[in-house]
Amino acid sequence: MLQTLDATAVRRWAAAGVDGLSQFEDELNRINVFPVADADTGTNLRLTMQSAFEALVRHPTAWTDSAVEASPVPVGTVVSALARGALLGARGNSGLVLSQVLRGLAEACDGDRAMSAARLRFGLRRCAELATAAFADPMPGTALSVLDAAAEAALACERDILNRVAEAAVTAAAEALARTPGQLPALARAGVVDAGGRGVLVLLDALAAVIAEREAPSAVSVPRLARPSAVLRGARESGSPEFDYEVMYLIERPSEDALARLRDELAGLGDSVAVVGDGAGVWHVHVHCSDVGAAIEAGLSAGRPRRITVIRFADQLADQLATVGEAPRFIRERAVVAVVDGDGAQRLFRGEGAEVVAGDKADPATLLAAIAGTRAAHVVVLPNTPTATAVADAAAGQARDTGQDVVVVPTASAVQGLAALAVHDPSRRAGDDVVAMAEAAAATRHGELVVATEEALTWVGRCESGDVLGLVCDEVVLIRPDVLSAACALVDFMLSIGGEVVTALIGQGAPDGLVEALAAGVRASHPEAELTAYDGGHPDSPLLVGVE
């Protein structure tokens, strides 16, 4: 049982949160009747948490503890990355609430190595405050009531023990959720609890499960609707049937006065008004209205709206009703898609079970087709170069819009991709598997050799055309006149700062005897290290090296 929450535990919670919301997505959609019966709360929560998790996977410093015993990463760094990702990718009212839950926890542990029971108490209180403050007209019987009850129970817990505080919050949240039908007539008529509050309970229960080191959350089942299609076809339950659109956008660094005016203007245009921030100057705006242009113009008075999203409720309901009774889209649970150059390297990735897209064909359309072609519900993409990462992000975004759960692990080299693939385990929960793969990639320093094509000035001196440059994590660290001497020097340099396992991919044009020279150098200077070499066949570098 954990006494504090460190960065590693928070990463596990983020993964468990994505998995939990994916598991309950359909049920949450079915009980979504307030403020609009549009059957999307489960989807909005899952997509928002997935956006948060994606931001964590891509955060440059949130994984630097993966190769050492004691985590040097402040827990606030990890939770802040989650909070920012949730805010930028928030979907609907429920997604905005989720972003404020993560922001509250981030504020509670800012700068700390780990989150104590006292910090969790404060964090839950801050979550409730931020979420309530986000809405122009906060309503009882919603996720806000569930959060408030969890926070009050955490503060009232008599034992200053992390597990006791978390369990008290979960128990109180469940009790508050059961009371929501008595607070909102729309819920009572449908015979359901609040969908957003139920999603909050899923996340809190996942957190308690990580703290208690139990395998899975113990969340109770969601009451099912007797006539879910009737709820889907129902009118707005907030009494404002004239509001046909949901409008959302981001604004950066507005003044406090501008924010206040924006809230007032939006409240005059519609309802479900929410304006939430990340604490660093980015604000996410949400409103249900009929005049889309006026809602966007209101944002223009406060700043420059970007990432504008407009959803017409009637279209959304029609799409969801049209999918009732469709055959399952996915025929397997998990898949890995990798962008790989070189025949030999491609065989390695296929041998480990990955679907391979050749690097020279990795445009968004081709990669999207490969992701969809896996027919898998959960897909991990390994781009294996910085250039392909942007392409992978574009394709993954489009795939997520169609319902696939896609995460891009930002591998910068094929050797990092192999390290990630080596720990891939389809029997694990999807989120946990992504965490393990991201940690393995982050724990692998990557290097390569490139041949200079012209004279240039580098960090380690001037190079001439034909010189061989050794790079570690894309920075030049040495210059040598030939591939053999450069390769040996590069591996020696990388091992000199730690590492036990060396993976070498031999590229096209590499000289004979390169593997033998590397093996001899490792035996002589680092006998404790293990070298494994493969024929990569990639065209642009005679050698790729990974050190774990």
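Residues numbered from 1 in each chain as written. Predicted model: local features only at pLDDT ≥ 70, side-chain atom pairs only at ≥ 80, totals over all residues. Heavy atoms only, no water.

K.L.:
An account of the sheet that holds strand β16 (residues 543-547) is requested, with residue identities and associated values reported.
P.N.:
The 6 strands are arranged β13-β12-β9-β16-β14-β15 in an open sheet whose pairing can be described as mixed. Whereas interior strands pair on both sides, the edge strands pair on one side only; in this sheet they are β13 (475-480) and β15 (530-535). The sheet shows a mean angle of 20° between the axes of neighbouring strands, taken without regard to direction. Sheet analysis places strand β9 (residues 445-451) next to β16, joined by 5 bridges and oriented antiparallel. Across the sheet, residue L449 finds its bridge partner in β16, namely L543. (Pairing = 2+ DSSP bridges. Helix = DSSP H or I, 4+ residues; strand = E, 2+ residues; numbered from the N terminus. Axes fitted to C-alpha atoms, helices over the stretch in contact; angles between N-to-C directions.)

K.L.:
Report on the sheet that holds strand β7 (residues 376-382), specifying residues and quantitative values.
P.N.:
Sheet strands associate in pairs through backbone hydrogen bonding, adopting either a parallel or an antiparallel arrangement. Taken together, 4 strands build an open sheet; the order of strands is β6-β5-β7-β8 and the sheet is parallel. Unpaired on one side and paired on the other, β6 (355-358) and β8 (405-408) mark the two borders of the sheet. Within this sheet the neighbouring strands show an average axis-to-axis angle of 20°, counted without direction. Sheet topology note: the strand β5 (residues 332-340)/β6 ladder contains 4 bridges and is parallel. Bridge pairing links V337 to E355 in β6.

K.L.:
Before we move on, can you summarise the packing of helix α5 (residues 117-133) against helix α6 (residues 143-156) with the specific residues and values?
P.N.:
One can describe the packing of α5 onto α6 by two numbers: an axis separation of 8 Å at closest approach and a directional angle of 155°. With respect to each other, α5 and α6 are oriented roughly antiparallel. The handedness of the crossing between α5 and α6 comes out as left-handed. Where α5 approaches α6, its residues R121, L124, R125, C127, A128, A131 and T132 are matched on the opposing element by L144, L147, D148, A150, A151, E152, A154, L155 and A156. When grouped by side-chain class, the residues that make up the contact of α5 with α6 number 11 nonpolar, 1 polar and 4 charged. (Parallel < 35°, antiparallel > 145°, perpendicular 65-115°, else oblique. Left-handed = near helix turned anticlockwise from the far one by under 90°. Contact = heavy atoms within 4.5 Å. Nonpolar A, V, L, I, M, F, W, Y, C, P; charged D, E, K, R; others polar.)

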